[in-house]
Amino acid sequence: MSLAWAPSLLSILASYPSCYVSFFLLFLMYCRCCRHKTDNEKPSNIPKNWPVLGMLPGVVANLHHIHDWLTVILWETGGNFTFFGPWLSGIAFATTADPATVQHVFTANFANYPKGDDFAEIFDVLGGGIFNSDGESWRAQRARAQLLMAHQRFRSFVARCSREKVESGLLPLLGRAADAGGCVDLQDVFLRLTFDTTTRLVFGVDPGCLSAGLPTVPFAKAVDDAMAALFLRHIVPAAWWKAMRRLGVGPEKKLAAARIVMDRFIAKTIEEKKQAYAKRESDDEESDLLSAYIEEKELDSSSTSDDEKFLRDTAMNFMLAGRDTTGSGLSWFFWLLSKNPRVEEKLLQELNTLSPPQKGELAVFDSEELGKLVYLHAALCESLRLFPPVPVEHKGILERDILPSGIEVNPSMKILVSLYVMARREEVWGKDCMEFRPERWISEKGKVRYEPSYRFLSFNSGPRTCLGKDMAFTQMKAVAAAAIYNFRIEAVEGFVAEPNFSIILHMKNGLMVRVRRRGSE
């Protein structure tokens, strides 16, 4: 599954010549202004608020490293900054990497900061599902989802699916890569693996993205195309993408086609599940979420769980929430390991305390065994801290409020929280905040150290804390343990890892690695 879908803002602007010319002229003014600073004047990273176009020219000039640029801005401003978009655009973001502000917005004054109508409109592909909902609808959906996902039957299904996909898909693929001696894009491998696993957990179907030959799967491609359009909606004024939607052009045309493919797949799967359940032909071992919702209607006639739209929206929400985040987290984890052999060695030592596999066999570990490993959990948390799969969270505002930083916000604004920047603030994580150091997650007693979610937001914070947190760790541990124990994975010489500018923190150039079997060095 290619990641080349992330669209370029400049290519979109090229479709609108007058806008492009305006941006080009303002960019020249921006550069000229920067060149005229005196040698004695300390340069500032804060973007200039231009007439008409606001701070957008500075954003355009720094799109190629947007997260690192935002990092230096928030370093300079003490963790809080207000970004102003073009006049009449309605764009104003109170941007923060301040734990006190996060606690205020996500927990203490939660009711005042919903997802909001704008979020639901951008992510209209999710329908009325849990990630688009606020208020009573969200509370009811969350309670129902929490009950199903906490059930031992589903948790066992997660552990079994994760182990089986590693055993039948990942390890054979890595073995072939090691024997061939060439390079492999590990990010693509992980995204395929997590797509297969998530689809099975949600729908009870394995689409086979990780099959031999790495085929193109229509449903997977449709989800990629949808994510591309959703990304675009975040970076251009709403009027632009809405115009493209009305005209049926650009990424919005691809999104419309993608929705047809996704809706057909979901509708077909729902119908098959309902027929199988009606005939009592469903597989008791397949405890996927879609089947659980359909069964719920049988037990509670007042439930709306078999409503076609509800099932479609619910399945789509879980699918988009789980498929790329885990794959992104695994990619950055293995890149960090390739740069930190000390951590890799300590992980190997910990894995060697578990029951060894039969001679000549590739090791696959049970989730119960992996759940006891402190250093593995700490290393994964540290990777998620430095490279959160969702690098930015944003919230709407219902009523005027004053944030702990003193910034006044109102309903015409949005709150933008950078998880990426927070991980790089000394005030939050200490002077070694830029280092990959799993030990920060281990207490003096050798247990996993608790960190409050307003400092570590990789699984959100407050009442909207991610319901799939345990599921994500189960998948990541199964993959990480098996890959580390059986293979030595190193980034190819000269490879540069940098974040892609997208909704999910993917690597811009993939993760090109060489794979060798342990013991063959």
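Residues numbered from 1 in each chain as written. Predicted model: local features only at pLDDT ≥ 70, side-chain atom pairs only at ≥ 80, totals over all residues. Heavy atoms only, no water.

1. Digging into the overall build of the protein chain
Rules: Segments assigned H or I by DSSP are reported as helices when at least four residues long, segments assigned E as strands when at least two residues long, and all are numbered from the N terminus. Whether two residues touch is decided by their heavy atoms; if any such pair falls within 4.5 Å, the residues are in contact. Note that accessible areas follow from Shrake-Rupley with a 1.4 Å probe, and for residues the cover is restricted to the protein chains shown.
In terms of regular secondary structure, the protein chain is built from 20 helices and nine strands. Contacts spanning at least 24 positions in sequence make up 73% of the contacts within the protein chain whose residues lie at least 6 apart. When the accessible surface of the protein chain is split by element, carbon and sulfur atoms take 55% of a total near 23600 Å².

2. Here's the deal with the UniProt feature "binding site: heme" (unreviewed entry) in the protein chain
Definition in use: UniProt positions are given in the numbering used here, feature names are shortened, and annotations may be inferred rather than shown by experiment.
As annotated by UniProt and renumbered to match this structure, "binding site: heme" (unreviewed entry) occupies Cys466. Relative to the elements of secondary structure, cysteine 466 occurs in the loop between α19 (426-429) and α20 (469-486). In contact with cysteine 466, other than residues within four places in its own chain, are Phe459 and Asn460.

3. Things to note about the sheet that holds strand β3 (residues 183-185)
For the record, the criterion: Strands pair, by our definition, only if DSSP identifies at least two bridges between them. Interaxial angles span 0 to 180 degrees and are taken between N-to-C directions of axes, which are lines fitted to C-alpha atoms, for helices over the stretch in contact.
Across the sheet, three strands lie side by side as β3-β9-β8; this open sheet has antiparallel pairing. Whereas interior strands pair on both sides, the edge strands pair on one side only; in this sheet they are β3 and β8 (487-491). This sheet shows a mean twist of 40° between the axes of neighbouring strands, independent of strand direction. Bridge analysis of β3 against strand β9 (residues 512-517) gives three bridges, and the strand direction is antiparallel. Counted as the bridge partner of cysteine 183 is arginine 514 from β9. Most of the contacts of helix α8 (residues 152-180) go to β9, to which it runs at about 90°, and overall it touches β3, β8 and β9.

4. Quick notes on the packing of aromatic side chains
Note the threshold: Classification of ring pairs uses Phe, Tyr and Trp, with its six-membered ring standing for Trp, and accepts pairs whose centres are within 6.5 Å; under 30 degrees between planes counts as stacked, over 60 as edge-to-face, and the remaining range as tilted.
Across all of its chains, the model carries 20 aromatic pairs by this definition. When the centroid spacing of 4.1 Å and the interplanar angle of 15° are considered together, the rings of phenylalanine 219 and phenylalanine 265 count as stacked. With phenylalanine 219 in helix α10 (residues 218-235) and phenylalanine 265 in helix α12 (residues 250-278), this residue pair connects regions lying 46 residues apart in the sequence. A centroid spacing of 5.4 Å and a plane angle of 80° characterise the contact between phenylalanine 365 and tyrosine 485, whose relative ring orientation is edge-to-face. Here phenylalanine 365, found in the loop between α15 (341-351) and α16 (367-370), pairs with tyrosine 485, found in helix α20; they are 120 residues apart in sequence, far enough to count as distant.

5. Remarks on the sheet that holds strand β2 (residues 92-96)
The mixed open sheet is built from four strands, whose spatial order is β1-β2-β7-β4. Looking at strand neighbours, the two that pair on one side only are β1 (80-84) and β4 (392-395), the edges of this open sheet. Averaged over all adjacent pairs, the angle separating strand axes in this sheet is 25°, with direction ignored. In this sheet, strand β7 (residues 414-418) lies alongside β4 in antiparallel orientation, the contact comprising four bridges. Across the sheet, the residue bridging to lysine 395 is isoleucine 415, located in β7.

6. Considerations on unusual backbone geometry
Condition: With a 1.4 Å probe rolled over the protein chains alone, any residue whose accessible area is under 20% of its type maximum counts as buried; one over 50% counts as exposed, and the rest are partly exposed.
Even without being glycine, valine 52 reaches a positive phi, approximately 70°. For valine 52, a relative accessible area of 47% gives the class partly exposed. Positive phi values are uncommon outside glycine, yet leucine 214 reaches one of about 50°. Along the chain, the position of leucine 214 falls in the loop between α9 (186-203) and α10. On the basis of relative accessible area, leucine 214 is assigned to the partly exposed category, the value being 29%.

7. Examining the pattern of salt bridges
Heads up, the rule is: What counts as a salt bridge is simple: a side-chain nitrogen of Lys or Arg found within 4 Å of a carboxyl oxygen of Asp or Glu.
For the structure on display, the rule yields 39 salt bridges. A salt bridge links lysine 274 to glutamate 308; the nearest nitrogen and oxygen atoms lie 2.8 Å apart. Of this pair, lysine 274 sits in helix α12 while glutamate 308 sits in helix α14 (residues 308-339), and the two are 34 residues apart along the sequence. Through salt bridges with shared partners, a single ionic network connects Asp124, Arg233, Arg245, Glu252 and Arg259.

8. A look at the side chain of serine 461
Going by this rule: For this analysis, a polar contact is any N or O atom pair within 3.5 Å, provided that within protein one partner can donate a hydrogen and the other can accept it, and provided that sequence-adjacent residues contribute only side-chain to side-chain pairs.
For serine 461, the position within the fold is in the loop between α19 and α20. A polar side-chain atom of serine 461 sits 2.8 Å from a polar atom in the side chain of serine 453. In this structure, serine 461 is in contact with Phe106, Thr107, Ser453 and Tyr454, ignoring residues within four places of it in sequence.

9. Considerations on the packing of α12 against α14
The condition that has to hold: With the far helix as reference, a near helix turned anticlockwise by less than a right angle produces a left-handed crossing, and one turned clockwise produces a right-handed crossing. Under this grouping Gly is polar, as are all residues other than the nonpolar Ala, Val, Leu, Ile, Met, Phe, Trp, Tyr, Cys and Pro and the charged Asp, Glu, Lys and Arg.
It is the contact of α12 with α14, at a shortest axis distance of 10 Å, that shows an interaxial angle of 115°. In terms of crossing hand, the pair formed by α12 and α14 is right-handed. The segment α12 lies against α14, with Arg259, Met262, Asp263, Ile266, Ile270 and Lys274 engaging Glu308, Leu311, Arg312 and Met316. In terms of residue class, the contact of α12 with α14 is made up of five nonpolar, no polar and five charged.

10. Digging into a nonpolar patch on the surface
Rules: Residues qualify for a patch when their relative accessible area is over 30% and they have no salt bridge, like charges being joined within 9 Å and the nonpolar side chains of Val, Leu, Ile, Met, Phe, Trp and Tyr within 5 Å.
On the surface, Val52, Trp87 and Leu88 cluster together into a nonpolar patch covering about 430 Å² of accessible area. Tracing the chain through its elements places valine 52 in the loop between α2 (17-35) and α3 (56-61).

11. Topic: the environment of alanine 267
Summarising the element assignment, alanine 267 is placed in helix α12. In this structure alanine 267 comes out as partly exposed when scored by relative accessible area, which is 41%.

12. Things to note about the confidence of the model for the protein chain
Our working definition: pLDDT measures the predictor's confidence residue by residue and takes values from 0 up to 100.
Overall, the prediction assigns the protein chain a mean pLDDT of 88, with 87% of residues at 70 or greater. Per-element mean pLDDT across the protein chain ranges from 44 in helix α1 (residues 9-13) up to 98 in helix α17 (residues 374-386). Across residues 36-40 the pLDDT falls below 50, and counting only partners more than four positions away or on other chains, this stretch makes one contact in the model.

13. What about the side chain of asparagine 132?
Position of asparagine 132 relative to the elements: it lies in the loop between α6 (116-122) and α7 (135-150). Under the relative-accessibility criterion, asparagine 132 is labelled buried at 7%. Within the local environment of asparagine 132, its side chain forms a polar contact with the backbone oxygen of phenylalanine 123, the two atoms lying 2.8 Å apart. With residues up to four places along the chain from it excluded, the contact list for asparagine 132 reads Phe119, Ala120, Phe123, Asp124, Leu126, Gly127 and Asn317.

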